[in-house]
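If you want the building blocks of each chain, they are given just below.
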2 protein chains.
Amino acid sequence: MAPEQISPDSPADVARLVIGVLGGTGDQGRGLARRLALAGSQVIIGSRDPGRAVAAAASIGRPPQLTGAANADAARAADVVIAAMPWDGHRELLESLAGVLEGKILIDCVNPLGFDSRGAYPLEVPEGSAAQQAAAVLPGTRVVGAFHHVSAVLLLDPEVAELDLDVLVLGDDRHATDVVQALAGRIAGVRGVYAGRLRNCGQVEALTANLVSVNRRYKAHAGLRITDI
Amino acid sequence: MAPEQISPDSPADVARLVIGVLGGTGDQGRGLARRLALAGSQVIIGSRDPGRAVAAAASIGRPPQLTGAANADAARAADVVIAAMPWDGHRELLESLAGVLEGKILIDCVNPLGFDSRGAYPLEVPEGSAAQQAAAVLPGTRVVGAFHHVSAVLLLDPEVAELDLDVLVLGDDRHATDVVQALAGRIAGVRGVYAGRLRNCGQVEALTANLVSVNRRYKAHAGLRITDI
């Protein structure tokens, strides 16, 4: 199914989307893969090493709709691709997949953060944000920023049936952001909220540093909710 | 009462703090002054023009604990000073008050934003954020970032008895952030949440651009809540 044919207003359409997760063997990638698979989506975890991708999928244990493959194969088979690789390697991996990602929706959830003795802090990104870097290296791809603030611990915790947070969704392509909002809404306890254009994604990524501070101070796995909507 | 003697754990202590609001005739300043006065605090609205400050206080109509004065007089009489002037003029006004603000807590709620046909976007701030600029020009002042995301419309609306949001409080001085959290918590419906050091204030200020986008899309006055704490 080409992205052009998806209606974000049709739950059935969004449910049929195949999701690829680049760098999906990390905690964030595995966590999102797990929750989307639990919601009924077909999900392919991607990795440089296909063997590790298959092992990561098996560790979550929901075959057949959760499988593993090399990053390029996961991207090729998917309708919507989540970029969940470490920031270090973000540009390089996306550049190498530019052809495969042409025309698809790419959801960037990467947070460019540094850590020192005082905690987390945002790294300088020449393009303004990871999502804008993705858009710069993938001119033929519909880049959306989302899923920045979702705790990997909670995503992976089998005791947590429902999350309690809004996913901020950013992008310049209305259809793409609508699809991603609908996709976020398939995860139990999550609401997808449109939160601006891609040029305003830098502070959303950087805000993850503040949530790290909140988590330290309050011994929590903090999330965001937007009030009055 | 000197800030050193305030116990943030004692509601009585925080209630006795005199609050000055620099640039308090703008919507944000008047709104915060109004809510803090409604909570029982003594509040002095400051302005370049003392006559305008007095008129702004009278327009809210809660004398005697809400008054107006020249910015320097408001700062001098206050225990805690809120910087609510426009970004354009932020540095200059604070520099001119450096002596008066020595040793006090300054709460910076200024959002350096630009606006164009596509909406709001964060401005480049050489120091990283308005709050860090305040700390740079006021080395003897205990600078805290807070109240960035509070809707002036809701603050000023007499029909709105309670807000519904968390105020993110940022700073490097634990006692000062504790006091500001307690102060925020005096406003009906508001909780003060510690959200990191001053170096992580830039993205909190910039996130106001995203809330502008949310407000446009959803016809709302959006606020933030932090979940799991």
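Quick note: structure is the one above.
Residues numbered from 1 in each chain as written. Chains lettered and ligands numbered in written order. Predicted model: local features only at pLDDT ≥ 70, side-chain atom pairs only at ≥ 80, totals over all residues. Heavy atoms only, no water.

Tallied over the entire structure, the rule returns 22 salt bridges over all chains. Here A:D166 makes a salt bridge to A:R225, at a shortest N to O gap of 2.7 Å. In this pair, A:D166 is assigned in strand β9 (residues 165-171) and A:R225 in strand β11 (residues 223-227), connecting sequence segments 59 residues apart. For the salt bridge of B:D178 with B:R174, the shortest nitrogen-to-oxygen distance reads 3.1 Å. One end of the pair, B:D178, and the other, B:R174, are both in helix α9 (residues 174-184), four residues apart, so they sit about a helical turn from each other. B:D178 gets classed as partly exposed once you look at its relative accessible area, which sits at 22%. Since its relative accessible area comes to 48%, B:R174 is described here as partly exposed. (Salt bridge = Lys/Arg side-chain N within 4 Å of Asp/Glu carboxyl O. Helix = DSSP H or I, 4+ residues; strand = E, 2+ residues; numbered from the N terminus. Buried < 20%, exposed > 50% of the residue type's maximum accessible area, 1.4 Å probe, protein only.)

Let us now look at the sheet that holds strand β5 (residues 105-108) of chain B. In sheet architecture, strand pairing relies on hydrogen bonds along the backbone and comes in two forms, parallel and antiparallel. Pairing in this open sheet of eight strands is mixed, and the strands run β3-β2-β1-β4-β5-β8-β9-β10 (chain B) from one edge to the other. Looking at which strands have only one partner, the edges of the open sheet turn out to be β3 (66-70) and β10 (190-194) of chain B. Sheet twist, expressed as the mean angle between neighbouring strand axes with direction ignored, is 25 degrees. Both strand β4 (residues 80-83) of chain B and β5(B) contribute to a ladder of four bridges, which runs parallel. Bridging across to β5(B), B:A83 finds its partner in B:D108. Packed onto the sheet, helix α10 (residues 202-218) of chain A meets β9 (165-171) and β10 of chain B and runs at close to 95 degrees relative to β10(B). Contacting β2 (42-47) and β3 of chain B, helix α3 (residues 50-60) of chain B runs over the sheet at an angle of about 170 degrees to β3(B). (Pairing = 2+ DSSP bridges. Axes fitted to C-alpha atoms, helices over the stretch in contact; angles between N-to-C directions. Contact = heavy atoms within 4.5 Å.)

With 40 residues of chain A at the contact, the number on the chain B side is 40 residues. Where chain A abuts chain B, roughly 3400 Å² becomes buried across the two surfaces, and 51% of that area is made up of carbon and sulfur atoms. Looking only at chain A, the three residues that lose the most surface to chain B are A:R199, A:R217 and A:T227, adding up to 20% of its buried area. At the boundary of chain A with chain B, the tally comes to two salt bridges. The partner of B:D116 in a salt bridge is A:R199, and the shortest N-O contact between them spans 2.8 Å. (Buried area = accessible area lost by both parts, 1.4 Å probe.)

Here the focus is the relation of the copies chain A and chain B. Turning chain A through 180 degrees and shifting it by 0.0 Å along the axis lays it on chain B, with an RMSD of 0.0 Å. Such a turn and shift between the copies fits a two-fold axis. Counting the interface residues of chain A, we find that 100% of their copies in chain B are interface residues as well, pointing to one common contact surface. (Least-squares fit on C-alpha atoms with pLDDT ≥ 70 in both.)

Bringing the packing of aromatic side chains into the picture now. This model, assessed by the stated rule, comprises zero aromatic pairs over all chains. Against the face of B:Y194 rests A:R217, its NZ or CZ located 3.7 Å from the ring centre. (Phe/Tyr/Trp six-rings, centres within 6.5 Å; stacked < 30°, edge-to-face > 60°. Lys NZ or Arg CZ within 6 Å of the ring centre and 35° of its normal.)

All names here are of chain B. Relative to the assigned elements, A146 resides in the loop between β8 (142-145) and α8 (152-156). A146 gets classed as buried once you look at its relative accessible area, which sits at 0%. Residues A146 and T177 lie 31 residues apart in sequence; the distance between their C-alpha atoms is 9.1 Å. Non-local contacts of A146, meaning those with residues more than four positions away in its chain, are made with I107, D108, C109, V167, L168, V169 and V180.

Now for the packing of α10(A) against helix α10 (residues 202-218) of chain B. In the contact formed by α10(A) and α10(B), the axes pass within 9 Å of each other and the chain directions differ by 140 degrees. Compared by their axis directions, α10(A) and α10(B) come out oblique. Crossing hand, α10(A) versus α10(B): left-handed. Taken together, the residues of α10(B) that come into contact with α10(A) (itself represented by A:Q203, A:V204, A:A206, A:L207, A:A209 and A:N210) are B:Q203, B:V204, B:A206, B:L207, B:A209 and B:N210. For the contact of α10(A) with α10(B), the class distribution of residues is eight nonpolar, four polar and no charged. (Parallel < 35°, antiparallel > 145°, perpendicular 65-115°, else oblique. Left-handed = near helix turned anticlockwise from the far one by under 90°. Nonpolar A, V, L, I, M, F, W, Y, C, P; charged D, E, K, R; others polar.)

It is worth spelling out the pairing of strand β5 (residues 105-108) of chain A at this point. All names here are of chain A. Residues I105 and I107 point to one face of β5 and L106 and D108 to the other, with burial holding for every one of them. Judged from the four bridges that link them, β5 and strand β8 (residues 142-145) form a sheet pairing that is parallel. What sits directly across from L106, in β8, is V143.

What follows covers the sheet that holds strand β2 (residues 42-47) of chain A. Residues and elements named next belong to chain A. As summarised here, the arrangement of the eight strands in space is β3-β2-β1-β4-β5-β8-β9-β10, forming an open sheet in which the pairing is mixed. Each having just a single partner strand, β3 (66-70) and β10 (190-194) make up the two edges of the open sheet. Between one strand axis and the next, the sheet turns by 25 degrees as a mean value, whatever way the strands run. Looking at chain direction, β9 and β10 are connected through five bridges and run parallel. Residue pairing for β10: L165 is matched across the bridge by V190. Contacts between helix α3 (residues 50-60) and the sheet are confined to β2 and β3, with β3 contributing the most and set at about 170 degrees to the helix.

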